[in-house]
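# Observations on the three-dimensional arrangement
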Amino acid sequence: EPEVTQTPSHQVTQMGQEVILRCVPISNHLYFYWYRQILGQKVEFLVSFYNNEISEKSEIFDDQFSVERPDGSNFTLKIRSTKLEDSAMYFCASSESGYGSYEQYFGPGTRLTVT
Amino acid sequence: AQTVTQSQPEMSVQEAETVTLSCTYDTSESNYYLFWYKQPPSRQMILVIRQEAYKQQNATENRFSVNFQKAAKSFSLKISDSQLGDTAMYFCASQDNDMRFGAGTRLTVKP
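Only a predicted model underlies this, so the values are computations on that prediction, with no experimental measurement involved. (Residues numbered from 1 in each chain as written. Chains lettered and ligands numbered in written order. Predicted model: local features only at pLDDT ≥ 70, side-chain atom pairs only at ≥ 80, totals over all residues. Heavy atoms only, no water.)

Below, the discussion takes up the state of the cysteines. Applying the stated rule across the entire model yields two disulfides over all chains. Between the sulfur of cysteine 23 of chain A and that of cysteine 92 of chain A lies a disulfide, 1.9 Å long from S to S. Measuring handedness by torsion sign, the sulfur bridge of cysteine 23 of chain A and cysteine 92 of chain A sits at about -65° and is left-handed. Separated by 69 residues along the polypeptide, cysteine 23 of chain A in strand S3 (residues 19-24) and cysteine 92 of chain A in strand S9 (residues 88-95) bring together distant segments of the chain. Accessibility expressed as a relative area gives 0% for cysteine 23 of chain A, which makes it buried. A disulfide bridge connects cysteine 23 of chain B with cysteine 92 of chain B, and the sulfur atoms are separated by 2.0 Å. Handedness here is read from the sign of the S-S torsion; for cysteine 23 of chain B and cysteine 92 of chain B, about -70°, the answer is left-handed. You can see cysteine 23 of chain B sitting in the loop between strand S3 (19-21) and strand S4 (24-26) and its partner cysteine 92 of chain B sitting in strand S10 (residues 88-95), a full 69 residues away along the chain. (Disulfide = S-S within 2.5 Å. Helix = DSSP H or I, 4+ residues; strand = E, 2+ residues; numbered from the N terminus. Buried < 20%, exposed > 50% of the residue type's maximum accessible area, 1.4 Å probe, protein only.)

Here is the structure:
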């Protein structure tokens, strides 16, 4: 069964550094998402992406965040200057369509630790 | 703004019994979707069940069913014949233009 993959599984970085989290969505999916889950808290929507542009973003997704689909398979989340509070689990998801009738398939997540 | 509320931080149930997890939501959209996701200790997000708001019939998926009360904006999850493998965090979610999650309910199934 096709699945969403994410690399790395765990990333440790120092405050102020840039990090890039990588995702490979399911190949025939057209919509891509990033979510964040701070330890012990709920999953929070960050951004959705379709047709090479952001379609929705939350209030969390400020100027330090950016997303990109650099090639036909990868979908990346960049955090320009990491802060301690960016430490969280980051989930990528993809779906065939942007409508809720199409399931969002989640990747296993990348645990980001900012020290 | 879309909000999702899960008022039960933790619940427990004996193996083979039935448990209901509560969820209320609020959205200004007329067309939306509701979901329950399971997150085991591995932290993988697994879709349990989906409900389309325009459908009155409650969704059912094997041992999992929902009680969707649209007027009350309530979307509870019933797990029948609970199994040890059902132990996990359960998140309710609502999707109109984007997906919002509740704070989660930690369910423990006891042998």
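Under the definition given, this model contains seven salt bridges over all chains. Glutamate 103 of chain A serves as the salt-bridge partner of arginine 50 of chain B, at 3.9 Å between the closest nitrogen and oxygen. One end of the pair, arginine 50 of chain B, is in strand S6 (residues 46-52); the other, glutamate 103 of chain A, is in the loop between S9 and strand S10 (105-106), on a second chain. In this structure, the salt-bridge partner of arginine 100 of chain B is aspartate 98 of chain B, at a minimum N-O distance of 2.9 Å. Within the structure, one salt-bridge network assembled from shared partners comprises Glu59 of chain A together with Asp98 and Arg100 of chain B. (Salt bridge = Lys/Arg side-chain N within 4 Å of Asp/Glu carboxyl O.)

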